[in-house]
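# A structural walkthrough
So the chains spell out like this:
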Amino acid sequence: MIVPHERHVGRLLTYVGTPLLLLLGYDLVVVVAYKVLHWDWVAMPHIPLALFGSAIGIIVAFRNQSSYARWWDARTLWGSVINNSRSLARQVTTVMMPLNDSETGELETMQRRLVYHQIAFAHALRQHLRGLEPWEELTPLLKESELSGLREERNVPLAIQQQMGALLRECQVRGWIDIEHWRALDGNLDDLTDAQGGTERIKNTPMPKQYDYFPQLFVHIYCTLLPLALVTSMGWLTPLGSTLVGFIFLALGKIGRDLEDPFENSIYDVPLTAITTTIEVNLRQLLGETELRQTEKPVKGVLW
Amino acid sequence: MIVPHERHVGRLLTYVGTPLLLLLGYDLVVVVAYKVLHWDWVAMPHIPLALFGSAIGIIVAFRNQSSYARWWDARTLWGSVINNSRSLARQVTTVMMPLNDSETGELETMQRRLVYHQIAFAHALRQHLRGLEPWEELTPLLKESELSGLREERNVPLAIQQQMGALLRECQVRGWIDIEHWRALDGNLDDLTDAQGGTERIKNTPMPKQYDYFPQLFVHIYCTLLPLALVTSMGWLTPLGSTLVGFIFLALGKIGRDLEDPFENSIYDVPLTAITTTIEVNLRQLLGETELRQTEKPVKGVLW
Amino acid sequence: MIVPHERHVGRLLTYVGTPLLLLLGYDLVVVVAYKVLHWDWVAMPHIPLALFGSAIGIIVAFRNQSSYARWWDARTLWGSVINNSRSLARQVTTVMMPLNDSETGELETMQRRLVYHQIAFAHALRQHLRGLEPWEELTPLLKESELSGLREERNVPLAIQQQMGALLRECQVRGWIDIEHWRALDGNLDDLTDAQGGTERIKNTPMPKQYDYFPQLFVHIYCTLLPLALVTSMGWLTPLGSTLVGFIFLALGKIGRDLEDPFENSIYDVPLTAITTTIEVNLRQLLGETELRQTEKPVKGVLW
Amino acid sequence: MIVPHERHVGRLLTYVGTPLLLLLGYDLVVVVAYKVLHWDWVAMPHIPLALFGSAIGIIVAFRNQSSYARWWDARTLWGSVINNSRSLARQVTTVMMPLNDSETGELETMQRRLVYHQIAFAHALRQHLRGLEPWEELTPLLKESELSGLREERNVPLAIQQQMGALLRECQVRGWIDIEHWRALDGNLDDLTDAQGGTERIKNTPMPKQYDYFPQLFVHIYCTLLPLALVTSMGWLTPLGSTLVGFIFLALGKIGRDLEDPFENSIYDVPLTAITTTIEVNLRQLLGETELRQTEKPVKGVLW
Amino acid sequence: MIVPHERHVGRLLTYVGTPLLLLLGYDLVVVVAYKVLHWDWVAMPHIPLALFGSAIGIIVAFRNQSSYARWWDARTLWGSVINNSRSLARQVTTVMMPLNDSETGELETMQRRLVYHQIAFAHALRQHLRGLEPWEELTPLLKESELSGLREERNVPLAIQQQMGALLRECQVRGWIDIEHWRALDGNLDDLTDAQGGTERIKNTPMPKQYDYFPQLFVHIYCTLLPLALVTSMGWLTPLGSTLVGFIFLALGKIGRDLEDPFENSIYDVPLTAITTTIEVNLRQLLGETELRQTEKPVKGVLW
């Protein structure tokens with residue numbers, strides 16, 4: 001995610017850079033052909049630009065809205081991961097009670113294991129969505145036996161949830177939590193499963209390909225026709241009209257493409273690394289730990 | 001679902017192919033009539049094209065948004081099937097406990113039966129929506145007695161859920177789950193019933209017919225009038241204006257029609273086969289099975 | 001609901017029939033007045049049609065979206081009735097258990113009574129929304145004593161729910177269900193109450209009258225001015241421009257009016273009869289009954 | 001709420017009456033100045049009306065949608081009050097059971113007190129939102145001691161809910177309801193608290209003032225410039241174009257302003273009196289009472 | 001939040017003040033250059049303003065809608081804080097019961113501690129979002145030992161929730177609440193965690209930077225070109241057209257920027273101070289306290 005309030009003019013200028021330059025070059029070629037070479041046939045002043053513009057506007061506006069909705073949906077689903085991680089950790093740290101004092105140590109270990117599993121879930125889901133290996137992050141959080149059980153799994157975060165389910169059941173059997181506490185904790189696991197499924201939905205079900213291809217095609221055709229339609233009336237000023245109008249549509253198209261897939265390791269991603277670090281810090285504080293990671297800072301204006 | 005990142009130029013070109021060719025042919029006929037045969041009466045330069053275009057834009061934009069919303073709603077409902085299948089399987093595999101060791105085998109059989117029923121539910125719902133027989137998929141998953149009970153059913157996935165309800169109740173009676181565990185599992189069954197009902201809603205309640213008929217009619221009239229209105233000013237270039245503007249509206253109309261019914265065995269469907277295979281793989285892994293189906297791969301750029 | 005895939009050309013042509021004919025007639029009168037009678041004063045070529053069109057477009061587009069949203073909301077609420085009817089019937093048929101074998105008959109009677117009440121609820125809600133008597137449908141489903149208790153009620157479906165609440169409480173007192181089962185069943189009753197309230201909201205709270213009156217008024221004014229503005233430039237072709245543009249706005253207005261009140265016994269209604277028949281068939285199958293109604297078929301292209 | 005199907009032509013004509021008359025008068029003055037007094041400087045034919053119109057259209061369309069969304073949200077929240085009132089009353093009347101027959105009278109009194117409290121909550125919330133005193137409605141429903149406890153409260157409906165919470169707890173202590181019944185009832189109280197908070201949100205957080213001021217300002221400027229821009233071409237017909245276009249924007253602005261604050265004792269309010277009367281009638285019928293209020297009827301086409 | 005019904009003309013005039021003045025000045029310069037200095041090259045009458053305007057309209061309209069949606073989402077999330085604070089306080093004050101009379105004092109202290117913690121949570125969340133220290137507000141509400149435990153926390157409201165969780169568990173261990181009461185209270189804590197996470201999502205995830213930069217850039221380019229395009233036809237009246245059209249886009253851009261970040265200590269913020277004061281007053285009344293803060297009043301037309 002690009003961080004606001006720190007303008008990297010360079011990045012913004014280059015945002016739609018290459019296509020914009022190509023468009024400008026093409027516009028100049030058209031003007032030169034018409035004004036210098038007197039190739040009158042390049043001029044097509046009667047192209048119905050307004051009809052084009054409003055028809056393209058429909059599909060470009062739709063694309064933009066849907067892309068943003070996907071991006072914000074992705075962020076909200078990760079918000080749900082944060083919320084349910086915190087709720088689960090709050091319950092784990094306040095609700096579990098030993099039957100007698102001799103169990104205190106065991107119970108604290110169990111609490112830490114559960115909370116670490118939850119942290120591991122967040123990291124594993126992030127890496128799962130980004131198509132990367134999770135082992136580096138998981139190793140300090142899980143037991144070796146737990147880790148080895150995960151290595152065969154196609155869906156690591158889901159398997160971590162199953163391990164948590166087994167741990168919770170163990171807590172109930174030990175009498176450390178009541179059955180109602182189990183229900184509350186299990187309800188949060190359910191919500192986390194829903195959030196995971198939601199992020200996978202966005203990852204695995206892109207916008208229908210037609211919405212990707214056609215707006216781009218139409219915008220390109222439109223940009224091609226623009227100078228031909230304007231050169232008669234605008235002459236040497238053609239690029240002023242043509243490039244600028246094209247710029248807006250190119251920028252809208254680019255924004256749409258950047259936001260529609262928010263888990264692609266691009267600088268426009270939902271900042272998963274920052275979010276999972278926040279989860280880790282919050283949950284470790286709820287455990288009473290004091291040696292904490294730094295929260296993620298933007299690197300060159302990008303928060304990952 | 002057509003898979004992105006693999007452009008099948010052929011398919012995209014033919015996407016609105018026939019109507020586009022017809023439109024182009026018609027436009028050429030109009031130009032020839034006007035320029036070669038000098039049938040001046042075909043030219044109607046004063047047709048208020050902009051008024052037309054903006055009025056049609058309203059209904060076409062609406063249709064497009066609604067169709068996409070239906071398609072995404074369908075995908076989200078199937079996401080809910082995935083999520084609740086996973087939650088249910090997590091609970092079944094972690095929560096159930098034998099009263100004594102002699103029951104372990106029985107209990108494992110019951111766990112497998114429940115999870116297989118859930119897999120069967122997903123397959124049965126897919127086939128139900130596609131209007132196909134589910135028996136081939138269900139046979140390896142269910143007992144013969146269970147299968148025969150389903151054959152008379154008008155709504156097979158619903159009957160599978162009832163069988164699961166009976167199994168869960170049996171687990172509770174046997175003491176393998178507590179009443180609160182029953183509640184949690186039953187809650188997931190409820191959510192699956194909601195998801196099934198949602199998909200049936202989309203299947204059985206198409207967009208009101210008027211939204212199908214009128215946009216198509218208006219776009220056809222518009223495309224018919226376009227060259228007549230443009231031929232005076234654009235002459236031989238008429239198809240450039242007319243066919244292109246018509247192209248945009250034809251494409252929008254086609255996209256809308258493709259997405260609005262997402263369970264029709266078409267290449268634009270929500271990829272139900274891939275989703276149900278994912279459910280099967282996930283659930284078998286939660287059972288600890290290691291011989292797993294391959295997840296579905298796109299066939300000629302289409303994920304089914 | 002008009003069923004797609006079966007085009008009744010007649011119905012579609014007559015959809016906006018009368019106003020369209022009136023508009024055409026008026027357009028012809030204007031042309032004749034101008035071209036034949038040479039009443040030049042009817043021509044007002046400078047009327048700012050585009051300003052009109054875009055201002056009207058705002059309100060017409062809004063009206064159309066809101067009407068569709070109401071219609072789809074109505075359908076979704078009835079989807080919730082279906083879902084919760086099924087969940088409730090699944091629970092009733094799988095969860096209830098006799099304390100001893102002598103009660104089996106009594107218990108089965110109770111299960112049937114509960115499920116029949118639920119079927120009766122769906123029928124009663126349909127008739128309540130349509131402003132019709134429910135007694136014909138309810139008589140075979142309820143006891144005479146139950147029926148007579150309903151006759152004084154202003155809100156029959158609500159009273160049926162209260163009867164169900166009493167039956168469920170009786171089940172709990174008899175020990176046929178646990179308290180958690182009661183909670184699950186009561187939760188579904190709550191959801192059904194929410195769905196009923198939602199449908200009554202749509203029935204009793206129409207779109208604000210201003211959204212009904214003004215779009216119609218503006219469209220009529222617009223259609224009146226169209227030929228006056230076009231006749232100078234289009235001459236005898238005026239109806240081609242004027243009637244067609246008017247047609248789009250008339251059609252949009254008509255679609256909006258048809259969908260905004262989805263419980264009015266009109267052919268554009270949400271198909272309540274078909275939905276309640278589906279509920280009845282599903283629930284009877286969950287009871288194990290085999291003599292079932294046919295599901296509703298479209299009558300002359302309309303599903304009621 | 002203005003009731004449809006009963007057209008009060010008078011009211012509709014006067015809906016945007018005064019501003020419309022002022023606009024017409026101004027338009028006439030402009031025409032006279034130009035055509036009679038030959039003040040040529042009033043004519044500004046080159047004002048870019050279309051640019052204005054489309055820019056204003058953006059903000060006016062947004063305002064209209066948001067206002068309607070607020071109004072419908074308000075109605076839906078009151079729908080939630082209806083639904084949860086009914087669910088709570090159903091539970092109170094069916095679930096509570098005496099431990100022995102001697103308590104029957106006490107228990108019935110308790111049931112009536114709880115349901116009357118719920119009716120009182122609905123009335124109190126209505127008056128709270130309208131900024132009126134609730135005492136007239138509450139006096140027949142509550143005990144004198146309960147009433148006097150409410151008189152110091154800044155938020156009467158909230159205090160009524162607290163009284164209900166205490167009554168429910170008392171029922172549980174008496175053994176009239178199980179703890180799970182308490183949960184179900186308390187869950188409905190929670191939902192009612194949410195609905196109350198939602199209505200207060202709409203009441204206390206108006207649309208940002210900028211959305212009120214700027215659309216009005218822009219529309220006024222637009223209406224001022226319209227005749228100046230049109231008078232050259234339209235001459236004496238200027239009011240036909242100018243007043244009509246202005247009319248649409250004035251009407252849209254007025255509708256938006258009327259709907260955006262739905263709890264202001266205006267004729268455009270959500271019909272709170274009718275809704276709370278419906279709640280009272282429904283709940284009294286669930287108690288078995290037969291002497292019931294009439295449901296509210298529209299007064300001069302307005303349902304309060 | 002700027003309070004309506006009290007027009008501060010000054011503030012409204014200066015709302016887009018500086019840019020508006022700059023625009024006006026620039027427009028005048030252009031006119032003078034053209035009309036007085038006869039620099040004909042400044043006039044570019046053929047710039048396709050309408051194409052520009054409609055392309056910019058797409059992005060400006062989108063930005064405006066999204067900003068408002070963020071603002072209203074923020075308000076709704078705080079509404080959820082209000083609702084769940086009230087529900088939690090209702091439960092705390094009505095549900096907790098001493099096992100014997102000697103505990104009454106202890107129990108009342110516990111009730112007060114829990115409700116004060118909830119008030120502290122609201123204040124702490126407000127300050128957390130505004131990036132301010134919460135200690136001044138928290139000191140009178142919490143014990144010294146509790147406060148000192150919070151000082152190391154990076155997320156104070158989250159830590160307060162954990163303290164509440166521990167208190168609730170203590171109540172359950174003491175037997176003051178049943179396990180089901182714990183569930184109801186814990187459910188409200190979960191909802192508060194969700195609301196907190198939602199507000200942090202809005203705070204930490206601004207609109208994508210592209211939506212901030214490009215609309216502003218396009219509007220500035222548009223405003224620059226406007227007088228150049230209009231000066232030929234409008235002459236000395238150019239500012240009338242140019243400044244006014246620019247004004248609308250500048251105002252829309254400014255409104256969007258003001259609303260999109262609703263927790264920035266600006267006068268356009270969601271009124272957090274007023275909301276948290278309302279929570280404090282409501283909750284203290286539920287405790288039976290009579291010495292209450294005044295609710296917040298607008299200061300110079302702004303409610304903080």
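Residues numbered from 1 in each chain as written. Chains lettered and ligands numbered in written order. Predicted model: local features only at pLDDT ≥ 70, side-chain atom pairs only at ≥ 80, totals over all residues. Heavy atoms only, no water.

Residue and element names in this part refer to chain A. The pLDDT averaged across chain A works out to 89; a share of 97% of its residues lies at or above 70. Per-residue pLDDT, averaged within each element of chain A, yields its smallest value for helix H1 (residues 9-13) (60) and its largest for helix H4 (residues 104-130) (96). Overall fold confidence (pTM) sits at 0.94, and the ipTM for the predicted complex is 0.91. (pLDDT = per-residue confidence, 0-100. Helix = DSSP H or I, 4+ residues; strand = E, 2+ residues; numbered from the N terminus.)

With that settled, consider the interface of chain A and chain B. Across the contact, 56 residues belong to chain A and 64 residues belong to chain B. Buried area between chain A and chain B, both sides added, is near 5,400 Å², and the carbon and sulfur share of it is 66%. Taken as a group, Arg154, Arg169 and Lys209 of chain A account for 14% of the area that chain A buries against chain B, more than any other trio of residues on that side. Where chain A packs against chain B, one counts 4 salt bridges. With its nearest N and O atoms 3.0 Å apart, the salt bridge here joins Asp190 of chain A to Arg90 of chain B. For the interface between chain A and chain B, the tally reads 20 residue pairs in polar contact (both at pLDDT 80 or more). Residue assignment for the side of chain A that touches chain B shows that the elements contributing at least two residues are helix H3 (49-95), helix H7 (156-174), helix H8 (179-204) and helix H9 (209-234) of chain A. Sorting elements by how many residues they give to the side of chain A that touches chain B places H8 of chain A first, with 16 residues. Its residues assigned to classes, the side of chain A that touches chain B comprises 27 nonpolar, 16 polar and 13 charged. (Contact = heavy atoms within 4.5 Å. Buried area = accessible area lost by both parts, 1.4 Å probe. Salt bridge = Lys/Arg side-chain N within 4 Å of Asp/Glu carboxyl O. Polar contact = N/O pair within 3.5 Å; in protein donor to acceptor, adjacent residues only side chain to side chain. Nonpolar A, V, L, I, M, F, W, Y, C, P; charged D, E, K, R; others polar.)

Take the pattern of salt bridges next. Scanning the model with the defined rule gives 95 salt bridges over all chains in all. Here Asp269 of chain A makes a salt bridge to Arg130 of chain A, at a shortest N to O gap of 4.0 Å. Taken as a pair, Asp269 of chain A in the loop between helix H10 (238-260) and helix H11 (272-286) and Arg130 of chain A in helix H4 lie far apart in primary sequence, 139 residues in all. By relative accessible area, which is 1% here, Asp269 of chain A ends up buried. On the accessibility criterion, Arg130 of chain A (10% relative accessible area) is buried. Put simply, Glu264 of chain B and Lys203 of chain B hold a salt bridge, and the shortest N to O gap is 3.4 Å. Residue Glu264 of chain B is located in the loop between helix H10 (238-260) and helix H11 (272-286), and its partner Lys203 of chain B is located in helix H8 (residues 179-204); the two are separated by 61 residues in the primary sequence. Overall, the relative accessible area of 41% leaves Glu264 of chain B in the partly exposed class. In the salt-bridge network here, residues are joined through shared partners; they are Arg126, Glu137, Glu280, Arg284, Glu289 and Arg293 of chain A. (Buried < 20%, exposed > 50% of the residue type's maximum accessible area, 1.4 Å probe, protein only.)

As a further point, take the relation of the copies chain A and chain B. Between the two copies of this chain, the relationship is a rotation about some axis together with a displacement along it. Its rotation angle being 72°, the transformation that places chain A on chain B also includes 0.0 Å of axial translation and leaves an RMSD of 0.0 Å. With respect to symmetry, the two chain copies, as superposed, fit the operation of a five-fold axis. Mapped onto chain B, only 5% of the interface residues of chain A again fall at the interface, so the copies present different surfaces. (Least-squares fit on C-alpha atoms with pLDDT ≥ 70 in both.)

Now for helix H7 (residues 156-174) of chain D. Given a rise of 1.5 Å per residue, 19 residues ought to cover 27 Å, and the 27 Å separating the end C-alpha atoms of H7 of chain D matches this to within 8%. Of all 19 residues making up H7 of chain D, 15 are buried, and the element is well covered by its neighbours. (Expected span 1.5 Å × (residues − 1).)

What follows is about the environment of Ile255 of chain E. By secondary structure assignment, the location of Ile255 of chain E is in helix H10 (residues 238-260). Here the alpha-carbon distance between Ile255 of chain E and Phe121 of chain E, two residues 134 residues apart in the chain, equals 31 Å. In this structure Ile255 of chain E touches Ile59, Gln210, Tyr211 and Phe214 of chain D together with Tyr15 and Asn64 of chain E, once residues within four positions along its chain are discounted.

Turning our attention to empty space enclosed by the protein. With a probe scaled to a water molecule rolled over the atoms, the places where space remains empty come into view. For the structure shown, the criterion picks out 18 cavities of 30 Å³ or more. In this structure, the largest cavity spans a volume of roughly 70 Å³. What lines the largest cavity is a set of 11 residues, and nearest its centre among them are Pro208, Lys209 and Gln210 of chain C together with Met1 and Ile2 of chain D. By residue class, the composition of the lining of the largest cavity is 9 nonpolar, 1 polar and 1 charged. (1 Å grid on protein atoms, 1.4 Å probe; cavity = no way out; pocket = protein on both sides within 12 Å on 5 of 7 lines; lining within 4 Å. Points joined across faces, edges and corners; volume = space filled by probe spheres on them.)

This paragraph deals with the nonpolar core. Counting residues in each nonpolar core, the largest one holds 533 residues, and the members touching the most others are Leu138 of chain A, Leu138 of chain B, Leu138 of chain C, Leu138 of chain D together with Leu138 of chain E. Here Leu138 of chain D is in contact with Ala120, His123, Ala124, Leu147, Leu150, Val156 and Ile160 of chain D, once residues within four sequence places are set aside. (Core = buried A, V, L, I, M, F, W, Y, C linked by side-chain atoms within 4.5 Å.)

As a further point, take the packing of H9 of chain A against H10 of chain A. All names here are of chain A. Close contact between H9 and H10 brings their axes to 8 Å; oriented N to C, the two are set at 170°. Between H9 and H10, the crossing angle belongs to the class labelled roughly antiparallel. Between H9 and H10, the contacting residues are Asp212, Gln216, Val219, Tyr222, Cys223, Leu226, Pro227, Leu230, Val231 and Met234 on the first element and Thr238, Gly241, Ser242, Val245, Gly246, Phe249, Leu250, Arg257 and Glu260 on the second. For the contact of H9 with H10, the class distribution of residues is 11 nonpolar, 5 polar and 3 charged. (Axes fitted to C-alpha atoms, helices over the stretch in contact; angles between N-to-C directions. Parallel < 35°, antiparallel > 145°, perpendicular 65-115°, else oblique.)

Mapped onto the elements of the fold, Tyr15 of chain D is located in the loop between helix H1 (9-13) and helix H2 (17-35). For the pair Tyr15 of chain D and Ala251 of chain D, spaced 236 residues apart in sequence, the C-alpha separation works out to 8.0 Å. With residues near it in sequence (within four places) discarded, Tyr15 of chain D still touches Gln210 and Phe214 of chain C together with Lys254, Ile255, Asp258 and Tyr268 of chain D.

All chains considered together, the criterion is met by 55 aromatic pairs over all chains. Ring geometry for Tyr222 of chain B against Phe249 of chain B: centres 5.4 Å apart, planes inclined by 90°, an arrangement best described as edge-to-face. Residue Tyr222 of chain B is located in helix H9 (residues 209-234), and its partner Phe249 of chain B is located in helix H10; the two are separated by 27 residues in the primary sequence. The class of Phe249 of chain B is buried, set by a relative accessible area of 3%. Ring centres of Trp71 of chain E and Trp72 of chain E lie 6.2 Å apart, and the angle between their planes is 25°; on these two criteria the pair is classed as stacked. The pair Trp71 of chain E / Trp72 of chain E is uniform in exposure class, with both members buried. A connected cluster of aromatic rings, assembled from ring pairs, spans Phe62 and Tyr211 of chain A together with Tyr68, Trp71 and Trp72 of chain B. Sitting over the face of the ring of Trp135 of chain A, Arg151 of chain A holds its NZ or CZ atom 4.8 Å from the ring centroid. (Phe/Tyr/Trp six-rings, centres within 6.5 Å; stacked < 30°, edge-to-face > 60°. Lys NZ or Arg CZ within 6 Å of the ring centre and 35° of its normal.)

All names here are of chain C. Looking at the secondary structure, you find Asp27 in helix H2 (residues 17-36). One buried charge, Asp27, has no salt-bridge partner; the nearest side chain with opposite charge is Lys35, at 15 Å. A polar atom in the side chain of Asp27 sits 2.9 Å from the side chain of Ser242. Not counting residues within four places of it along the chain, the set of residues in contact with Asp27 comprises Pro227, Pro239, Ser242 and Thr243. (Lys, Arg positive; Asp, Glu negative; His and termini not counted.)

Attention shifts here to the packing of H3 of chain A against helix H8 (residues 179-204) of chain E. When two helices pack together, their arrangement is given by the angle between the helix axes and by the axis-to-axis distance. At a minimum axis separation of 9 Å, H3 of chain A and H8 of chain E run at an interaxial angle of 140°. Looking at the two axes, H3 of chain A sits oblique to H8 of chain E. As H3 of chain A runs across H8 of chain E, the sense of the crossing is right-handed. Judged by residue contacts, Trp72, Arg75, Thr76, Asn83, Arg86, Ser87, Arg90, Gln91 and Val95 of chain A of H3 of chain A engage Trp182, Asp186, Leu189, Asp190, Thr193, Asp194, Gln196, Gly197, Gly198, Glu200, Arg201 and Ile202 of chain E from H8 of chain E. Residue composition of the contact of H3 of chain A with H8 of chain E, by class: 5 nonpolar, 8 polar and 8 charged. (Left-handed = near helix turned anticlockwise from the far one by under 90°.)

What follows covers a nonpolar patch on the surface. Residues and elements named next belong to chain A. Together, Val32, Val36, Leu37, Trp39, Trp41 and Trp236 make up a nonpolar patch on the protein surface, roughly 670 Å² of accessible area in all. By secondary structure assignment, the location of Val36 is in the loop between helix H2 (17-35) and H3. For Val36, a relative accessible area of 45% gives the class partly exposed. (Patch = residues over 30% accessible without salt bridge, like charges linked within 9 Å, V, L, I, M, F, W, Y side chains within 5 Å. Areas by Shrake-Rupley, 256 points an atom, 1.4 Å probe, with all protein chains shown as cover.)

Here we take up the side chain of Asn282 of chain E. Within the fold, Asn282 of chain E resides in helix H11 (residues 272-286). The class of Asn282 of chain E is buried, set by a relative accessible area of 6%. Here the side chain of Asn282 of chain E touches Arg86 of chain E through a polar contact of 2.8 Å, side chain to side chain. Apart from residues no more than four positions distant in its own chain, Asn282 of chain E is found in contact with Asn155 and Leu158 of chain D together with Arg86 of chain E.

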